[in-house]
Amino acid sequence: MLIHLHFFGFGDPLCRFSLEQRTGLHVEGFRPLLLDELLGWSQRVARHQHWDIEPLQQMVINRWMVQEDQIRGWQKQLTHHPADIELVAGLGSRGDWQGHWNAMLRVS
């Protein structure tokens, strides 16, 4: 099963909750944005969803490395945002994401 991680951008807990309700994805906010926190969250989701943890953890690490410069920028930006603002990430299977993107196309 292919699992995908996407960083949506900055938002507060209410935005994060609304996004999770609308998309059906697993959504979390990070402040600070740390690889260990991201790995821990993805592992908890994987256990709950009965996903294979090893490939998921490797995907998260690869995404972190590929987006390293952008992540550093987000980490700096978080220091200038109010305390309730987090970087919001979504995690889901290919089907979860397909449902999300199809729903967005219908709304457009």
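See above for the structure.
Calculation rules
- Residues numbered from 1 in each chain as written.
- Predicted model: local features only at pLDDT ≥ 70, side-chain atom pairs only at ≥ 80, totals over all residues.
- Heavy atoms only, no water.
- Axes fitted to C-alpha atoms, helices over the stretch in contact; angles between N-to-C directions.
- Helix = DSSP H or I, 4+ residues; strand = E, 2+ residues; numbered from the N terminus.
- Parallel < 35°, antiparallel > 145°, perpendicular 65-115°, else oblique.
- Left-handed = near helix turned anticlockwise from the far one by under 90°.
- Contact = heavy atoms within 4.5 Å.
- Nonpolar A, V, L, I, M, F, W, Y, C, P; charged D, E, K, R; others polar.
- Core = buried A, V, L, I, M, F, W, Y, C linked by side-chain atoms within 4.5 Å.
- Buried < 20%, exposed > 50% of the residue type's maximum accessible area, 1.4 Å probe, protein only.
- Salt bridge = Lys/Arg side-chain N within 4 Å of Asp/Glu carboxyl O.

**Student:** Which parts of the structure should I look at to understand the packing of helix α2 (residues 35–49) against helix α3 (residues 53–66)?
**Tutor:** Describing two packed helices takes the angle between their axes plus the distance from one axis to the other. Direction vectors running N to C along α2 and α3 enclose 150°, while the axes themselves pass 10 Å from each other. Classed by the angle they form, the pair α2 and α3 counts as roughly antiparallel. The element α2 and its partner α3 pack so that their crossing is right-handed. Packed against α2, whose contacting residues are L35, L38, L39, S42, Q43, A46 and R47, the element α3 presents I53, L56, Q57, V60, I61 and W64 at the interface. Taken together, the residues that form the contact of α2 with α3 break down as nine nonpolar, three polar and one charged.

**Student:** Which parts of the structure should I look at to understand the nonpolar core?
**Tutor:** Looking at soluble globular proteins, one finds that nonpolar side chains tend to be buried together. Ranked by internal contacts, the top residues of the largest apolar core, which has 22 residues, are L5, F7, L33, L38, W41, L56 and L91. Elements with a contribution of two residues or more to this core: β1 (3–11), α2, α3, α4 (68–78) and β3 (86–93). Apart from residues no more than four positions distant in its own chain, L91 is found in contact with I3, H4, L5, L25, H26, W41, S42, V45, W51, L56, M59 and W97. One finds L25, V27, V88 and W97 within the second-largest nonpolar core, a separate group that totals five residues.

**Student:** What is the right way to read the pattern of salt bridges from this model?
**Tutor:** Side chains that differ in charge, positive against negative, can pair when their charged atoms come close. Tallied over the full model, the rule gives four salt bridges. Here E86 makes a salt bridge to R16, at a shortest N to O gap of 3.0 Å. Of this pair, E86 sits in strand β3 while R16 sits in helix α1 (residues 13–23), placing them 70 residues apart in sequence. Overall, R16 belongs to the buried group, its relative accessible area being 19%.

Limitation: the analysis is restricted to geometry and does not speak to function.
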